Number of protein chains: 2
Amino acid sequence: MKNTVLNALKNYVQVNEEEGEAFISILKEKKLKRKEQLIRQGDVCDFAVFIFKGCLRYYYIQNGEDCTGQFFFENGWYSDYESFLSGNPSIQNIEALEDCVLYAFTRKDLENLYIEFPVFERFGRLMAERAVLGLMKKNEILSIYTHEERYLQLITERPKVIERVSLKHIASYLGMKPESLSRIRSRLSKKQNS
Amino acid sequence: MKNTVLNALKNYVQVNEEEGEAFISILKEKKLKRKEQLIRQGDVCDFAVFIFKGCLRYYYIQNGEDCTGQFFFENGWYSDYESFLSGNPSIQNIEALEDCVLYAFTRKDLENLYIEFPVFERFGRLMAERAVLGLMKKNEILSIYTHEERYLQLITERPKVIERVSLKHIASYLGMKPESLSRIRSRLSKKQNS
């Protein structure tokens, strides 16, 4: 796992051996079975994880309905930033959509790294910037695109979601009813075959 | 203005005199008249601004309708993060709701500061983290709260918006029609008076 984590880290920053080892030393393995929860609404999320294997889904309950906020796959990172940064209870629920192997690190350990090795300030900045871009992209999709455009964009930009996530969760992620997604899929399939 | 900017900077990081001067040296004054645009959809936003005076509104056009994304006030910072970080054309429109005095700095100048003075990496990280929190808060409000709860929260947490922004823009920021906001306001006012 060490090399996988270091490679994922090096997508953001160049670390030397000492810095790499320091990062590895703060990680704790966490295994989740499919459908197991990593966070429940009300928990404080004082950690972030590197996803070594598997897929996580973030959802919240709105008017009694399960609404999907985001999906996170292997080689990616996840934290409830709001709770992680503020220490407030999370409004998120995070469940494993597949059996997962995660490597978790606490906010406290990361902050110690910021002080000891300034390269992790850059890592933290780039992670936060990436989170901003992800949130803005999601908001853009939901505010500007039609249902069909949203689905087509997902096919092009995030094929893993299409391949590994149930249609029910894809529909709620795209802000539509499962029936609407089915109609769009059958319309697109007819277009392809005609 | 120098002291105001340095104080705003010091809300995030402790800078020494040299670092403070280096930051001041990359700023360029920009004045906007009320209703003037800082960014139009399609522009690349390769700069960020410190708002010395005035108020900005970010909006986008959805199905021909003007939808307010956010308001930014004096002593705050603004950039279209997505365009700033990616170099892609902005989907945002930014207009001055009042006469504004801004101090702008380019992405290139900020990146030079990151290299020259590592304290600005921390500044960049904290700014990005704040942007994440702002976006998550906005999403939380729109996805979980009722119209009335949204308005009550705005009164409590952002009185400046209530005092200085027109009801039309407040309604679109809260994701409701102006008529709904009027009904909520008159209902609340009756409650207060009874």
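Residues numbered from 1 in each chain as written. Chains lettered and ligands numbered in written order. Predicted model: local features only at pLDDT ≥ 70, side-chain atom pairs only at ≥ 80, totals over all residues. Heavy atoms only, no water.

Visitor: Please provide a residue-by-residue account of the overall build of chain A, values included.
Guide: Within chain A, the regular secondary structure consists of 9 helices and 8 strands. Radius of gyration (C-alpha) of chain A: 18 Å, near the 16 Å computed for a compact globule of 194 residues. Each of the three principal axes of chain A carries a C-alpha extent, and together these read 60 × 35 × 30 Å. Burial statistics for chain A: of 194 residues in total, 52% are counted as buried. Within chain A, residue pairs in contact and separated by at least 24 positions form 71% of the contacts whose partners lie at least 6 positions apart. Between the mean site of the 29 positive side-chain charges and the mean site of the 27 negative ones, chain A shows a separation of 7 Å. (Helix = DSSP H or I, 4+ residues; strand = E, 2+ residues; numbered from the N terminus. Rg over C-alpha atoms; globule rule 2.2 N^0.38 Å. Buried < 20%, exposed > 50% of the residue type's maximum accessible area, 1.4 Å probe, protein only. Contact = heavy atoms within 4.5 Å. Lys, Arg positive; Asp, Glu negative; His and termini not counted. Charge placed at Lys NZ, Arg CZ, Asp CG, Glu CD.)

Visitor: Tell me about the nonpolar core, residues and numbers included.
Guide: Judged by nonpolar contacts, the single largest core of 68 residues is most densely connected at A:F23, A:W77, A:F120, B:F23, B:W77 and B:F120. Excluding residues that lie within four positions of it along the chain, B:F23 makes contacts with B:V5, B:L9, B:W77, B:F105, B:L113, B:F120 and B:F123. (Core = buried A, V, L, I, M, F, W, Y, C linked by side-chain atoms within 4.5 Å.)

Visitor: Talk me through helix α2 (residues 17-25) of chain A; I want residue IDs and the actual numbers.
Guide: Since the α-helix advances by 3.6 residues per turn, residues separated by three or four positions end up pointing in the same direction. All names here are of chain A. For α2, the set of buried residues is E19, G20, A22, F23 and I24. Buried residues in α2 make contact with α1 (2-10), β6 (77-78), β8 (100-106), α4 (107-116) and α5 (119-144). If you check the start of α2, you find a side-chain oxygen 3.1 Å away from the backbone N of E18, and it comes from N16. (Polar contact = N/O pair within 3.5 Å; in protein donor to acceptor, adjacent residues only side chain to side chain.)

Visitor: Can you break down the side chain of B:N93 residue by residue, with the values?
Guide: Residues and elements named next belong to chain B. Relative to the helices and strands, N93 is located in strand β7 (residues 93-96). Looking at N93, the relative accessible area reads 7%, which means it is buried. Ignoring any residue separated from it by four or fewer positions in sequence, one finds N93 in contact with Q37, I39, R40, Q41, R57, Y58, Y59 and Y60.

Visitor: Any chance you could break down the interface of chain B and chain A for me, citing the residues and the numbers?
Guide: Facing 26 residues of chain B, the contacting portion of chain A comprises 26 residues. Note on chain B versus chain A: buried area summed over both sides is about 2700 Å², and carbon and sulfur give 67% of it. For chain B, the biggest contributors to the area lost against chain A are B:E121, B:R125 and B:M136; these three give 20% of the whole. Linking chain B with chain A are 4 salt bridges, by the criterion used here. B:E121 is the salt-bridge partner of A:R125, the closest N and O atoms lying 2.7 Å from each other. At the junction of chain B with chain A, the criterion picks out 5 residue pairs in polar contact (both at pLDDT 80 or more). Mapped by element, the contributors of at least two residues to the side of chain B that touches chain A are β4 (55-62), α3 (81-86), α4 (107-116) and α5 (119-144) of chain B. Per element, the largest residue contribution to the side of chain B that touches chain A is 16 residues, and it comes from α5(B). Within the side of chain B that touches chain A, the residues separate by chemical class into 14 nonpolar, 5 polar and 7 charged. (Buried area = accessible area lost by both parts, 1.4 Å probe. Salt bridge = Lys/Arg side-chain N within 4 Å of Asp/Glu carboxyl O. Nonpolar A, V, L, I, M, F, W, Y, C, P; charged D, E, K, R; others polar.)

Visitor: Break down the state of the cysteines for me, with residues and values.
Guide: This structure, assessed with the given rule, holds 0 disulfides over all chains. With no disulfide partner, A:C45 has as its closest neighbouring cysteine sulfur the one in A:C100, 15 Å distant. With no disulfide of its own, B:C100 has B:C55 as its nearest cysteine by sulfur position, at a separation of 6.8 Å. Overall, the relative accessible area of 3% leaves B:C100 in the buried class. (Disulfide = S-S within 2.5 Å.)

Visitor: Can you explain the relation of the copies chain B and chain A? Please cite residues and give values.
Guide: Structural alignment of chain B on chain A gives an RMSD of 0.0 Å, achieved by rotating through 180 degrees and translating 0.0 Å along the axis. The symmetry that links the two subunits is that of a two-fold axis. In terms of C-alpha distance to the rotation axis, chain B has B:R125 as its closest residue, with the C-alpha 1.9 Å off the axis. Both copies share a contact surface, since 100% of the interface residues of chain B are interface residues in chain A too. (Least-squares fit on C-alpha atoms with pLDDT ≥ 70 in both.)

Visitor: Explain the confidence of the model for chain A residue by residue, including any values.
Guide: Mean pLDDT over chain A: 92, with 100% of residues reaching 70 or higher. Quick note on the complex model: pTM equals 0.87, ipTM equals 0.83. (pLDDT = per-residue confidence, 0-100.)

Visitor: Could you give me a rundown of the environment of A:K190, with the residues and numbers involved?
Guide: Residue and element names in this part refer to chain A. Relative to the helices and strands, K190 resides in helix α9 (residues 178-193). Take K190: its relative accessible area is 61%, and that puts it in the exposed class. A C-alpha to C-alpha distance of 54 Å links K190 and L113, two positions 77 residues apart in sequence.

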